[in-house]
Amino acid sequence: MLPGRLRSRLLIGLLVVTGVGLFVTALVGFLTLRSFITDRLDAQLTLAAERAMVRLDNDTPPAGVDAPSPSPYFVALVEEETGEITQIYGDTEREDVVMDRVTAIPVEELRGYGSSGRIFELSGQDPDVPPHRATVRLRPDSIMVTGVPTNDREQYSQQLVLTQLVTAVLLLTALVLAGRWLIVRGLEPLGRMATTANQISTGSDLSERMPESDPQSEVGRLGQAINTMLGRIERSFAAQRESEERVRAFAADASHELRTPLTTILGYAELYRHGGISEEAMPGAMRRIEVEAGRMSRLVAELLELARLDRSGSLRLERTDLAEVLREVADDARSLRTDTEVTLDVPDHLECEVDEGRVRQVLANLLSNVTEHTPDGTPITLRLRAEDASARIEVADEGPGMSEEDLRRARDRFYRGTRAPGGGSGLGLAIVDAIAVAHGGEVDIGSTLGAGTTVTVRFPLRHDNDEA
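Computed from a predicted model, the values in this text were never measured in an experiment.

1. Section: the overall build of the protein
Then, in step 1: Across its full length, the protein carries ten helices and twelve strands.
Then, in step 2: When the 468 residues of the protein are sorted by exposure, 37% land in the buried category.

Dropping the structure here:
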């Protein structure tokens, strides 16, 4: 009937529901009309029977041309003893058949109808003669049976059934045509969605989206929900690819960084084994091996640190006064860099739920970067503020600043930049960023060539802070 099982089921269901509704409506209408006509015939029959009794008492014909009752009525007088009909009044069609139906009723049953005054159906085997509604009245010398044919009831009921049948056929035909068009039009967006979903499932382009539909309709809301889901899937795949690329780059960089000190150590060992190092050069060679081993040890330690930070649950959070931590770090920096001006700008008190050891590690890495990449004596400023439900820590220097390339890749692992190189591994800012992210915070780096660099680290204030 229609391509697609859903469309066929919807149309068939619509036709079935409509057909059942039409059938129930027709049945109720038929029964209601039949009951109404029957009640009307019974009322007319009761009135005719009472008038017939009065006219018989006055020795006038109770039915017929000279009687007040319409000619379809009949009045029959039945002998009480024999049950034979003695008198018939009226112009009933097929009078012989009707009278046979009356005489077929036992006299005792007729007396029962007369005593109760109940109206009953007078019917027989002949389908050509319609049933009559009849009632019985008891007279001193006979039994009077009055009846009226139900031609109108049968005729009107048949006409009603025929009219409703024709109407139902026309309505269902129109419903098939209109319903088919409406269902196809209504489900067209679903068809487009299915096509788009098939293209997405069979291809590699996750940027495809469901076609736009009315956002107030069910199909429109479904399309929006699917588009939201597709966006999340696309971002998830992009993040997965980015993560895989970072892992590959990290593995390659780590291999490269570890290979350099290992090559140096292996080279000196091989020279020593072949007797290529004299007694005078031995202290220098051992010092060089020690330096490279220390470098490799620091690199491995930093890699382990990053691995721990990438794993959830690596922090030990506790209430910490960040202002006191920064004061202590500033004092340490002044004692280690006697030629460097360290300015401290912090409130008296600012508590935050952080891992104090990690915060100190962040500050140590940032101060180490300043030392490695700025000239001796470059002023340093440490700031602490509460801002937008976050504790904001700033480490600013007045050094040469960073180029756009250095600024863009500053947090990349093993990236040392194009500034004056130091002895670091290129993991300092990566560790700072990982610690901030582990706390639910973030790192921002701002720099201007010739004007210095400012690194901002934000930690969320998990509880109300107290500032004095």
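2. Examining the side chain of serine 390
Then, in step 1: Within the secondary structure, serine 390 is located in strand β10 (residues 390–397).
Then, in step 2: In this structure serine 390 comes out as buried when scored by relative accessible area, which is 15%.
Then, in step 3: The contact partners of serine 390, leaving out residues within four places of it in the chain, are Arg385, Arg458, Phe459, Pro460 and Leu461.

3. Side note on the environment of arginine 334
Then, in step 1: Relative to the helices and strands, arginine 334 is located in helix α7 (residues 322–336).
Then, in step 2: Overall, the relative accessible area of 33% leaves arginine 334 in the partly exposed class.
Then, in step 3: Leave out the neighbours within four places in its chain, and arginine 334 touches Val342 and Leu344.
Then, in step 4: Among the polar contacts listed, one links the side chain of arginine 334 to the side chain of aspartate 331, at a separation of 3.1 Å.

4. Side note on the pattern of salt bridges
Then, in step 1: What the rule picks out here adds up to 21 salt bridges.
Then, in step 2: Arginine 385 is paired through a salt bridge with aspartate 345; the nearest N and O atoms lie 2.7 Å apart. Of the two residues, arginine 385 is situated in strand β9 (residues 380–387) and aspartate 345 in strand β7 (residues 342–345); the sequence distance between them amounts to 40 residues.
Then, in step 3: A residue is classified by how much of its surface remains accessible, and arginine 385, at 39% relative accessible area, is partly exposed.
Then, in step 4: Of the charged contacts, one joins glutamate 356 and arginine 360 as a salt bridge, the two residues approaching to 3.0 Å between their closest N and O atoms. Taken together, the residues span about one helical turn, with glutamate 356 and arginine 360 both in helix α8 (residues 356–373) at a distance of four residues.
Then, in step 5: In this structure arginine 360 comes out as partly exposed when scored by relative accessible area, which is 26%.
Then, in step 6: A single salt-bridge network, built from bridges that share partners, covers Arg383, Glu387, Arg392, Glu394, Glu442, Asp444 and Arg458.

5. Topic: the pairing of strand β4 (residues 132–138)
Then, in step 1: Of all seven residues making up β4, six are buried, and the element is well covered by its neighbours.
Then, in step 2: Across three bridges, strand β3 (residues 120–122) lies against β4 in antiparallel orientation. Note on β4: the bridge partner recorded for phenylalanine 120 is alanine 134.
Then, in step 3: Bridge count for β4 against strand β5 (residues 143–149) is seven bridges, and the pairing is antiparallel. Bridge assignment links valine 136 to a residue of β5, and that residue is valine 145.
Then, in step 4: Connecting β4 to the antiparallel partner β5 that follows it, the hairpin turn spans four residues.

Reading the values: the criteria
Residues numbered from 1 in each chain as written. Predicted model: local features only at pLDDT ≥ 70, side-chain atom pairs only at ≥ 80, totals over all residues. Heavy atoms only, no water. Helix = DSSP H or I, 4+ residues; strand = E, 2+ residues; numbered from the N terminus. Buried < 20%, exposed > 50% of the residue type's maximum accessible area, 1.4 Å probe, protein only. Contact = heavy atoms within 4.5 Å. Polar contact = N/O pair within 3.5 Å; in protein donor to acceptor, adjacent residues only side chain to side chain. Salt bridge = Lys/Arg side-chain N within 4 Å of Asp/Glu carboxyl O. Pairing = 2+ DSSP bridges.

So far we have only geometry, and geometry alone does not tell us how the molecule works.
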